[in-house]
Amino acid sequence: SFYDQSLHDAIKKAFSNNIAIFSAAGNGKDKDIKFPSNITEVMTVGYSGKVLEKKDYDGVNKKYCISLPFKRLVSLYNDKYVSLSGSSMLSSVVGGISGLILQKQKNMKKTFSEHF
C-alpha cells in the first residue's frame, strides 16, 4: 500500500505500451484506494460484497473503479481448492476477462486507454 517509484515507473512503461494493469482496491472499511490502485495508469477493482451494493472509493482514479458483488470464487491454495472472495480475487478475474475481450477485438485501431 506504500508508494514505490520503481513500480510506478514500470506501470507507466507498461501503460505506454498499451498493457492494461488491474489492481485490487481493498476490502476494508477504509475508502482510500492504496498504491498501486490509486495511480491513473491502473484500473481499480473493488469488491462490493452484495448484489446491487454501491461501494464508493476515494482516490485519484475513482472514475476507473469497477466494483463487483462476486463471492466465493474457487481458487487453488496450498494444493487444495478453496473458496475466496474480495477485490484481490476479483482483480485477476476482471483482468482475465478484459484480456479475452481485447484479444477478440485485436483488430481495433483504438488503444486500451482510448476506451476509457
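Refer to the preceding data block for the structure.
Residues numbered from 1 in each chain as written. Predicted model: local features only at pLDDT ≥ 70, side-chain atom pairs only at ≥ 80, totals over all residues. Heavy atoms only, no water.

**Q** Outline the overall build of the protein chain, supporting the account with residue identities and numerical values.
**A** Each helix and strand in the protein chain was counted, giving two helices and five strands. Element order for the protein chain, N to C, with α for helix and β for strand: α-β-β-β-β-β-α. Scored against the burial criterion, the 116 residues of the protein chain give a buried share of 25%. Considering only residue pairs separated by 6 or more positions, the protein chain has 43% of its internal contacts joining residues 24 or more positions apart. In the form shown here, the protein chain has an accessible surface area of approximately 8,200 Å², with 55% of it arising from carbon and sulfur atoms. (Helix = DSSP H or I, 4+ residues; strand = E, 2+ residues; numbered from the N terminus. Buried < 20%, exposed > 50% of the residue type's maximum accessible area, 1.4 Å probe, protein only. Contact = heavy atoms within 4.5 Å. Areas by Shrake-Rupley, 256 points an atom, 1.4 Å probe, with all protein chains shown as cover.)

**Q** A description of the nonpolar core should follow, citing residues and the corresponding values.
**A** Core analysis: the largest hydrophobic core is formed by six residues, namely Val45, Tyr47, Leu73, Met89, Leu90 and Val94. If you list the elements that add at least two residues to this core, you get strand E2 (42-47) and helix H2 (87-104). (Core = buried A, V, L, I, M, F, W, Y, C linked by side-chain atoms within 4.5 Å.)

**Q** Outline helix H1 (residues 5-16), supporting the account with residue identities and numerical values.
**A** Helix length check: H1, at 12 residues, gives a terminal C-alpha distance of 16 Å against a target of 16 Å (1.5 Å per residue), a fit within 8%. Of all the residues in H1, the buried ones are His8, Ile11 and Ala14. Down the axis of H1, the smallest arc covering the buried residues is 125 degrees, so these residues share one side. Those residues of H1 that are exposed and aimed more than 90 degrees away from the buried face are Ser6, Lys13 and Ser16. Buried residues belonging to H1 abut strand E1 (21-24) and E2. Taken from the residues just after H1, Asn18 is the one with a positive phi, measuring 60 degrees. (Expected span 1.5 Å × (residues − 1). Arc of directions from axis to C-beta.)

**Q** Lay out the side chain of Ser37 in plain terms, naming residues and giving numbers.
**A** Tracing the backbone shows Ser37 in the loop between E1 and E2. A polar contact of 2.7 Å, which involves the side chain of Ser37, links it to the side chain of Ser23. (Polar contact = N/O pair within 3.5 Å; in protein donor to acceptor, adjacent residues only side chain to side chain.)

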